[in-house]
Amino acid sequence: MSKIIRDRQIVEDNATILRLNEDGSFAAVPAEGVVLVSLKQFIAQKEALLARGNIGVWFAPDDEPEELGDEAKTLAVIAVEFPAFTDGRGFSIGRLLRERYGFTGELRAFGDVFKDTLNYLYRCGFNAFAVRADKNIEDALKGIDDFTEYYQASVQQPQPLFRRRETV
Amino acid sequence: MYIYDDYDQKIVDARVAQFRDQTRRYLAGELTDDEFRPLRLQNGLYIQRHAPMLRVAIPYGELNTKQVRVLGEIARKYDRNYGHFTTRQNIQYNWPKLEDVPQILADLAAVQMHAVQTSGNCIRNTTSDQFAGVAHDELIDPRPWCEIIRQWSTFHPEFAHLPRKFKIAVNGAKEDRAAILVHDIGINVVKNEAGEIGFQVYVGGGLGRTPIIGALIKPFLEQEHLLSYLDAVLRVYNRYGRRDNKYKARIKILVKAMTPEAFGAKVEAEWAYLKDGPQTLTQAEVDRVTAFFVDPAYETLAGDDAGFLAAKASNPAFARWVERNVFGHKKAGYACVTLSLKARGIAPGDASDKQLDDVAALSDRFSLGEVRVSHEQNLILPWVKQSDLFAVWEEAKRIGFATPNIGLLTDVICCPGGDFCSLANAKSIPIALALQESFDDLDYLFDLGEIELNMSGCMNACGHHHVGNIGILGVDKNGSEWYQVSLGGRQGSAASLGKVIGPSFAQDEMSEVIEKIIKVYVDNRHPDERFIDVVDRLGIDPFKTYVYAGRAARKEAA
Ligand code: SF4
């Protein structure tokens, strides 16, 4: 069991992130529990996985949300990996899933996730954060609100400031 | 100029608080060096040779005198009494203490300034024409568009960690003074036949290791679509730009690899989803921002002020300064004055706290309280009455900013180089100082006419050496400092890249090399032919032959 932030609460989480085997083959899906499989595995084994249930998908930075498309709507959890927080591709993946493919379930960031990355992630549609184990999760939670006013439209605030600005 | 409201202030203040917390956690060991580095870079903070270096944004080069005074105050309080103006309309402080930086940012925020995204792999400070809003050849004032882009790019949630840095420049005049063709995105503000404002969008220009002139991917973008289109360009770059090799990570490499046509098509496909979405600009917003850039309260004058003309006729030194440092104004009877930060013996672009205070006082008295910064690293007084020019000249001389050399050989564009920058291969400042020294004779300098000399201490090309008529690049050869020379580059609407003339030179050879290049020019020029025209006409060979003649015995660097 580990802890994650979900909808601003720190909660227990037992989902397994299932990676490919080293030779690139698909790993066996455990019988029990919530399992997040790679996009590739999901596409290849979709029917069996959906029949099993408790399945989510995780994206690597170079995975294309287009390949999942509207199927995203049927999933309860999608996770996006940030191998390094300086790899910003996951921000675009998050927004595409939310804004283009109508995903409304849990969107989780995992990998190099800590306080200073949460605000941008939150604005790009992430509502769950698997904070790095060596970082203080309570402290990280506060990072969501590093900024509370923004110029741009985003998932979290669909209207840019110029459409909301009250001018005196 | 743009004035913050409560929203703008709140956003900048939140950044100060965030960075204060990050610095505290770094000093407490809660953030590692690797974690803190990208965070501090996005606040303009480098760790340099001697100390941290803080780069403060001067959005599109515009300052009021209150801000100029604070820049001087920061130099005095937290640094060694000077700042360095860069080639991208920023000011850098070379000696602040890390612990002081949060307070410096707070001091800046108090006068509506910041260091947001002045470094790091994000969208950098948007740059523009230093004469925006006052130039005699302006078609459309680019500043409202720069401000709209500034707000859009500030803490954009999706584009905070791009493959590499990303620079946008905007031009609205006949002559491009913003170097838009060598930016990641270059925007020309234009009008179509119906008189509607729109944009020509160029992408993939840039200098550095692989210099490329930008490609036009959108001949006319309607104004309301500016931000959604920029979102589309940035999204394509964020997703597909290379991240495996930092030398191949700029958008220019992606555009080149895909071809500009294919890149443009990919942007169009992405834009199809974003177009007409919430980022579509409203007329109300365009009007709101534009209203900040109205002309200040100037006087209606006839022009050709008699006193000014008389002074010019009777005082050759003043006339010389007017010829070089005064630029045509859109309003009759007014002029734009460039204060030269290229005096002999001073590193190009450096200004002391005292000089900054003096410039503020000068502008309050003679330029309606406005000051501009140019990418050529000079300061501009944009609203000077012709009748005040003589007094401004006298005062500028006292300050040390009246060298009449704008556009001439000694108006060197120069990065900080090996004296300060930890990325440098070679020093650049000593070369610049030596050059100022050898071309100190004003008569000779004037006779040589317009020659742009640009110098960078390494391939990153902060001194834009590729677009200098004479370009100098510091290279490392077995641990010692060498210089590669190129000829024929130019900036502006016909921007082109210089050609390297041959093997590089040692530092002590450089003065002689420049003198020889100049001699070839002087010996071959026709009356009224500029340096660049001679290089165009003759090519680089005569220069090469003369510069390398009899040099074979000397150990060369590749
Ligand atoms: S060109 Fe190189 S040496 Fe000069 S400032 Fe840029 S990074 Fe430093």
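Residues numbered from 1 in each chain as written. Chains lettered and ligands numbered in written order. Predicted model: local features only at pLDDT ≥ 70, side-chain atom pairs only at ≥ 80, totals over all residues. Heavy atoms only, no water.

**Q** Any chance you could explain the overall build of chain B here in plain terms?
**A** Within chain B one finds 18 helices and 21 strands. Once the C-alpha set of chain B is aligned to its principal axes, its extents read approximately 60 × 60 × 55 Å. Buried positions account for 63% of the 558 residues belonging to chain B. Taking all contacts inside chain B whose residues are at least 6 apart in sequence as the whole, residues at least 24 apart take part in 68%. Between the centroid of the 65 positive side chains of chain B and the centroid of its 73 negative side chains there is a distance of 5 Å. (Helix = DSSP H or I, 4+ residues; strand = E, 2+ residues; numbered from the N terminus. Buried < 20%, exposed > 50% of the residue type's maximum accessible area, 1.4 Å probe, protein only. Contact = heavy atoms within 4.5 Å. Lys, Arg positive; Asp, Glu negative; His and termini not counted. Charge placed at Lys NZ, Arg CZ, Asp CG, Glu CD.)

**Q** Sorry, what's going on with the domain arrangement of chain B here?
**A** How big an interface is tends to be reported as the loss of accessible area on association of its parts. Residues and elements named next belong to chain B. In terms of domain boundaries, chain B breaks down into domain 1 (6–109), domain 2 (127–292), domain 3 (306–339 + 352–398) and domain 4 (413–557). The straight-line distance from the C-alpha centre of domain 1 to that of domain 3 is 30 Å. A combined buried area of about 1,600 Å² lies between domain 1 and domain 3, and 55% of that area is made up of carbon and sulfur atoms. On the domain 1 side of the interface with domain 3, the three residues burying the most area are T65, R69 and F85, jointly 31% of the side's total. Joining domain 1 to domain 3, the criterion identifies four salt bridges. A salt bridge links R69 to D364, with the shortest nitrogen-to-oxygen separation between them at 2.9 Å. Listing elements by their share of the side of domain 1 that touches domain 3, those giving two or more residues are β3 (62–64), α3 (65–78) and β4 (82–85). Per element, the largest residue contribution to the side of domain 1 that touches domain 3 is seven residues, and it comes from α3. (Domains from an automatic or database assignment. Buried area = accessible area lost by both parts, 1.4 Å probe. Salt bridge = Lys/Arg side-chain N within 4 Å of Asp/Glu carboxyl O.)

**Q** When you look at the sheet that holds strand β2 (residues 52–57) of chain B in this model, what are you seeing that I'm missing?
**A** Strand pairing in a sheet relies on backbone hydrogen bonds, with the paired strands running either antiparallel or parallel. Residues and elements named next belong to chain B. Within the open sheet, the five strands sit side by side as β1-β2-β5-β4-β13. Their pairing is antiparallel. Two strands bound the open sheet, and with one partner strand each, they are β1 (45–47) and β13 (350–352). The average undirected angle you get between the axes of adjacent strands in this sheet is 30°. One ladder, built from two bridges, connects β4 with strand β5 (residues 90–93); its direction is antiparallel. What sits directly across from H84, in β5, is Q92. Running over the sheet, helix α12 (residues 353–366) touches β4 and β13 and is turned about 85° from β13. (Pairing = 2+ DSSP bridges. Axes fitted to C-alpha atoms, helices over the stretch in contact; angles between N-to-C directions.)

**Q** Would you mind showing me how to read the layout of surface pockets here?
**A** All names here are of chain B. If you add up the space inside the second largest pocket, you get close to 830 Å³. Lining the second largest pocket we find 34 residues, and of these E376, G407, E450, E452 and Q491 sit closest to its centre. When contributions to the lining of the second largest pocket are tallied by element, the ones reaching two or more residues are α11 (316–325), β11 (326–328) and β17 (453–456). Per-element tally for the lining of the second largest pocket: the top contributor is α11, with three residues. Of the residues assigned to the lining of the second largest pocket, the class counts are 10 nonpolar, 12 polar and 12 charged. (1 Å grid on protein atoms, 1.4 Å probe; cavity = no way out; pocket = protein on both sides within 12 Å on 5 of 7 lines; lining within 4 Å. Points joined across faces, edges and corners; volume = space filled by probe spheres on them. Nonpolar A, V, L, I, M, F, W, Y, C, P; charged D, E, K, R; others polar.)

**Q** Explanation requested: the packing of aromatic side chains in the structure shown.
**A** Working definition: an aromatic ring pair is given by the centre-to-centre distance plus the angle between the planes. Residues and elements named next belong to chain B. Taken as a whole and assessed by the stated rule, the structure comprises 29 aromatic pairs over all chains. An angle of 40° between the planes, with centres 5.5 Å apart, marks the rings of F166 and Y237 as tilted. Of this pair, F166 sits in the loop between α5 (143–153) and β7 (168–171) while Y237 sits in helix α6 (residues 226–240), placing them 71 residues apart in sequence. With respect to class, F166 is no different from Y237; both count as buried. An aromatic cluster is present here, built from F308, F318, W321, F390 and W393 joined pairwise through their rings. Seen from the ring of Y546, K516 lies directly overhead, with NZ or CZ sitting 5.9 Å from the centre. (Phe/Tyr/Trp six-rings, centres within 6.5 Å; stacked < 30°, edge-to-face > 60°. Lys NZ or Arg CZ within 6 Å of the ring centre and 35° of its normal.)

**Q** Can you walk me through the packing of helix α1 (residues 6–27) of chain B against helix α4 (residues 101–109) of chain B in this structure?
**A** Packed helices, taken two at a time, are described by their axes: the angle between them and the distance between them. Residues and elements named next belong to chain B. Orientation of α1 relative to α4, taken along the N-to-C sense of each, is 175°, at an axis distance of 9 Å. Looking at the two axes, α1 sits roughly antiparallel to α4. Packed against α1, whose contacting residues are Q9, V12, D13, V16, F19, R20 and T23, the element α4 presents V101, P102, Q103, L105, A106 and A109 at the interface. (Parallel < 35°, antiparallel > 145°, perpendicular 65-115°, else oblique.)

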